[in-house]
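Per-entry structural report
So the chains spell out like this:
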Amino acid sequence: MNWIDIGHIDDIPLRGARKIKTALGCVALFRTSETEVFAASDTCPHKGGPLSEGIIHGQSITCPLHNWVFDLNTGQANGEDGQIATYPVRIEGDRILIDGAKLVAQSAA
Amino acid sequence: MTQKLVIIGAGMASGRVIETLVETDSDAYDITLFNAEPRGNYNRIMLSPVLCGEKTYEDIVTHDDDWYAQHGVTCRFGEHVVAIDPELKVVEGQNGHVPYDKLVIATGSAPFIIPVPGKDLPGVITYRDLDDTNAMIDAAGEGKRAVVIGGGLLGLEAAAGLAERGMDVTVVHLMGHLMERQLDEAAGYLLRRDLEKRGITIRTQASTKAIIGDGRAEAVLLEGDETLPADLVVMAVGIRPETRLATDAGLDVARGIEVNAQMQTSDPDVFAVGECVEFDGNLFGLVAPLYDQAKVLAHALLDQADAFVVKDVATKLKVTGCDLFSAGDFAEGEGREDIVLRDPSKGIYKRLVIEEDRLVGAVMYGDTADGNWFFQLIKDGTEIDEMRDTLIFGPAYQGGDTSDPLSAVAALPPEAEICGCNGICKGTITDAIANGATDLAAIKATTKASASCGTCTGLVEQVLQVTLGDAFELPTAQPICTCCDLTHEDVRRLIKSQELKSQDAVWQELGWKTRNGCHVCRPAVNFYLLADWPLEYQDDPQSRFVNERKHANIQKDGTFSVVPRMWGGITNPSELRAIADAADKYNVPTVKVTGGQRIDLLGVRGEDLPAIWADLNKAGLVSGHAYSKGLRTVKTCVGTDHCRFGTQDSTGLGIKLEQALWGSWTPHKVKLGVSGCPRNCAEATCKDIGIICVDSGYQVSVAGAAGMDVKETERLCDVTSEQEAIDVTIAFVQLYRENAKYLDRAYKWVAKVGLDWVQERIADLDERARLIQAFELSQSIYRKDPWAEHVQTKAAQYQPMANLTLEAAE
Ligand code: FES
């Protein structure tokens, strides 16, 4: 584990998303409630839609291009054959931490 | 030969008499219709939706002036009848005598006024007709207090309506539970709980001693000397037949005007119908028996054999969220047995009363879907011995059929009544379907089913579905999405009537099944809230699709397109230079001229958006909203400035319109065109709103389309001045904002509500002024450049939050 502080929780609007650049490509951080943030690949497996531009509802994200809906807990697309990678995130106080080791480790895998 | 028929009273019963007469034999009678109210027949059952603001008087008119004129009915509205002379066969009106061959008394009922001191004070209102309703609407006001005396059907509808208008309402009821004539205690309790949840205070076993106040009602004094402060007192304790004219004329009158089964009074040439009559010791207050009487009376007047019989009636309450049904006799008694089903978590209560193997009564609260099926068992006196164990679960559990929601309807026999108001049974509807009616509108038109109070609409649709199978698409009952059970129309209506002003209020009060909606419903709800409550509700960018959130159109490769506004399609060298410079600076791969006379910069990277906007802003360019469900463009031709055919300054008008409308959100995109002459170079007649300038002024037309559907606009109205053209356009846009379903283009919406309705609203100058004012209020918030705002306050969000590529490489 290599927890990296990537910012203040209020840098992401409530029910909004921001991206971070990583060696694996863009990863999106989704703020689903006041104190809940998920991290997952920003790229939709369907036709590459930018998921951080989608609408966040409950613990799901709808892709802005063709409305695939992904469960942010598992990354699984609802009713479609597709899945996005998800990454561990932690909230400490107001700060958002992401596991940098995971981002590298997966790229190596 | 044509005889003279005089009718006193233009209510629902006499209205139905006239309809039947003119349909069967329009030459039989010359009809004169008196009405003390200064208007004709309207649907009184719908007064409570008018009271709570869901409908207007125009929505509930049954017969308008045209209708009377077309059928040759002489109307004497607003004129009281002074006396009837049965000897001379003359009716004496305030403005003169009218002789008759046959007379129909349809004077209805008068509210019962409890004889307490203060009953005549101003501020004490009854609830019977439109004037009462309007008086209540006028007296109502946010935070003011109302006391409703009477906890029966009418009183509760009044209370709910006033509460929806923001009043602090207390219901004072003499008996131990509400609606004691229609409900038992358990159902009365659930009703009370639901009403209390809406903030209505209920006082049962409370007796009114006096209404007190200096010059106007200020409080209600109860027995026991408690006072309830009140700005408005509604007296709704009951009604009594209005029989004065009949009594004075010497007709036989008991509690009501006595009639035989042909609705004939003690004078053979005088008939009576409706709430003023007494038949066989019975009085009548619900609409179903009144319509039966009306039919019998029309037949009697045409010398056709028919006889009125008293039938059981069922009751439903028209208060949203209080779902109750009762029918038959449910008093406890010897030899009677109860079957009760409760589901406290859902607030459901059902009770059936059985006597000698037959169902004699049913009370239901919370889930009344099977009401009509039970009602039919009661009316038919069906032996229920065999299904006794499963009876309370309804028809779905009978005969081995399982849980198909439609099987209840499929199981109904042809003679089962579907529409209680008009006495239409299932067979009549299936016949109409066999004769080619395939949707609700056609059923309404051919059978009148669901044309009165409308509570059976769902049932009628189910009959359509059962009969037509897949050929029928359920049009109205379609919920927005799986997050809720309500249609777009329901949600819009409830946001207005329940004054829901936040997303959380909508989720909670309208029973959303998800935490905060989904990508289907949340954008719609966000729009409805901001359209109805521009000051109270703040637009939520996270409830918008990416284009509207980012104020740019996302392209399939994830880049964006940027379209600056060019007012009326007019630009100048310095704007063009700024656009060219921006295109160079941000490596814009494609520059395209759009169909709406704008310039589109395609392929801008998301991170660059705030910077390119800031550059364009510096040259005075603002967002063209090419991405929004809002005003897009006003396309113009050059008009009188340059064109030898131009009749008016079409470009100038286009610019003014664009400046008035820009920034506003609408259910779907709105495009305008203004052409300077009928040659129509701006292609205005396929826009949402198209204006054609002519020598005499401006032709404003609406509801065109040039997309998947192509449709020419329809003429809304012709106006003479430019200002009027602007006013009418704004009013139309606001009407569309207030009423249309999210994602319905204007042409789809107009097709649903009808151009006539739109024209009437716009032609009504008060309504037009209100619409313009409401639009301006909303524009005081939204008429601004979102680009400039984002550059200033949100630019950081367009950049990645962190860059870990370096760290990962370490
Ligand atoms: S690219 Fe995401 S749904 Fe098509």
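A few points on the structure. Bear in mind that the values here come from a model prediction, so they are computed numbers and not experimental data. (Residues numbered from 1 in each chain as written. Chains lettered and ligands numbered in written order. Predicted model: local features only at pLDDT ≥ 70, side-chain atom pairs only at ≥ 80, totals over all residues. Heavy atoms only, no water.)

1. Considering the interface of chain B and chain A
The partner chain A presents 38 residues to the 31 residues of chain B that form the contact. Carbon and sulfur atoms supply 59% of the area that chain B and chain A bury against each other, a total of about 2600 Å² over both sides. When the buried area of chain B at its contact with chain A is split by residue, H519(B), M801(B) and L804(B) rank highest and sum to 28% of it. Connecting chain B to chain A are 3 salt bridges. Close ionic contact of E53(A) with K550(B) constitutes a salt bridge, the shortest N to O distance being 2.7 Å. (Contact = heavy atoms within 4.5 Å. Buried area = accessible area lost by both parts, 1.4 Å probe. Salt bridge = Lys/Arg side-chain N within 4 Å of Asp/Glu carboxyl O.)

2. Considerations on the side chain of T447(B)
Following the sequence through the fold, T447(B) ends up in helix α13 (residues 440-447). Ignoring anything within four residues of it in the chain, the contact list for T447(B) reads I424(B), T428(B) and A432(B). (Helix = DSSP H or I, 4+ residues; strand = E, 2+ residues; numbered from the N terminus.)

3. What to know about the sheet that holds strand β9 (residues 124-126) of chain B
Strands belonging to one sheet form pairs held by backbone hydrogen bonds; the direction of such a pair is parallel or antiparallel. Residue and element names in this part refer to chain B. What the 5 strands build is an open sheet, ordered β9-β16-β10-β11-β12; its pairing is parallel. Both edges of this open sheet fall to β9 and β12 (201-203), since each of them pairs with a single strand only. Pairwise comparison of adjacent strand axes, ignoring direction, gives a mean angle of 20° for this sheet. In this fold helix α6 (residues 153-164) packs onto β10 (145-149), β11 (168-172) and β16 (232-235), with an angle of close to 170° to the strand it touches most, β11. (Pairing = 2+ DSSP bridges. Axes fitted to C-alpha atoms, helices over the stretch in contact; angles between N-to-C directions.)

4. Things to note about the side chain of N516(B)
Here N516(B) lies in the loop between α16 (503-509) and α17 (521-532). Among the residues examined, N516(B) registers a relative accessible area of 9% and is labelled buried. Looking at N516(B), its side chain comes within polar contact range of the main-chain nitrogen of G58(A), at 2.8 Å. Excluding anything up to four places from it in sequence, N516(B) contacts R15(A), T32(A), H57(A), G58(A), W507(B) and R522(B). (Buried < 20%, exposed > 50% of the residue type's maximum accessible area, 1.4 Å probe, protein only. Polar contact = N/O pair within 3.5 Å; in protein donor to acceptor, adjacent residues only side chain to side chain.)

5. As for a negative patch on the surface
All names here are of chain B. Where like charges cluster on the molecular surface, the negative patch consists of E58, D59, D64, D65, D66, D756, E760, D764 and D766. Mapped by element, the contributors of at least two residues to the negative patch are α3 (57-60), α4 (65-70) and α24 (755-763). Owing to a relative accessible area of 55%, D756 belongs among the exposed residues under this scheme. (Patch = residues over 30% accessible without salt bridge, like charges linked within 9 Å, V, L, I, M, F, W, Y side chains within 5 Å. Areas by Shrake-Rupley, 256 points an atom, 1.4 Å probe, with all protein chains shown as cover. Lys, Arg positive; Asp, Glu negative; His and termini not counted. Charge placed at Lys NZ, Arg CZ, Asp CG, Glu CD.)

6. Quick notes on helix α5 (residues 130-139) of chain B
All names here are of chain B. Along α5, the positions that sit buried rather than exposed are L130, D132, T133, M136 and A139. Buried positions along α5 lie against α2 (47-52), α3, β9, α6 and β16. Two or three places before D131, at the start of α5, stands the capping residue D129, its side-chain oxygen 3.2 Å from that residue's backbone nitrogen.

7. What about the packing of helix α23 (residues 746-753) of chain B against α24(B)?
Residues and elements named next belong to chain B. Relative to each other, α23 and α24 sit at 95°, their axes nearing to 6 Å. Considering the angle they form, α23 stands roughly perpendicular to α24. Where α23 abuts α24, its residues W749, V750 and V753 lie against L755, W757 and V758. The residue makeup of the contact of α23 with α24, split by class, is 6 nonpolar, no polar and no charged. (Parallel < 35°, antiparallel > 145°, perpendicular 65-115°, else oblique. Nonpolar A, V, L, I, M, F, W, Y, C, P; charged D, E, K, R; others polar.)

8. Description of the nonpolar core
Residue and element names in this part refer to chain B. Core analysis: the biggest nonpolar cluster contains 51 residues, and L21, L103, V104, I105 and L301 have the highest contact counts within it. Examining the composition of this core, we find that 7 residues originate from one element, helix α9 (residues 287-301), more than from any other. Y127, A140, L178 and V234 belong to the second largest nonpolar core, which has 42 residues in total. (Core = buried A, V, L, I, M, F, W, Y, C linked by side-chain atoms within 4.5 Å.)

9. Points about the pattern of salt bridges
Residue and element names in this part refer to chain B. Taken as a whole and judged by the stated rule, the model has 48 salt bridges over all chains. Between E54 and R493 there is a salt bridge; the shortest N-O distance is 3.3 Å. Within this pair, whereas E54 is found in the loop between α2 and α3, its partner R493 is found in helix α15 (residues 488-497), the two being separated by 439 residues in sequence. What makes E54 partly exposed here is its relative accessible area of 24%.

Any functional reading would require information beyond the geometric quantities listed.
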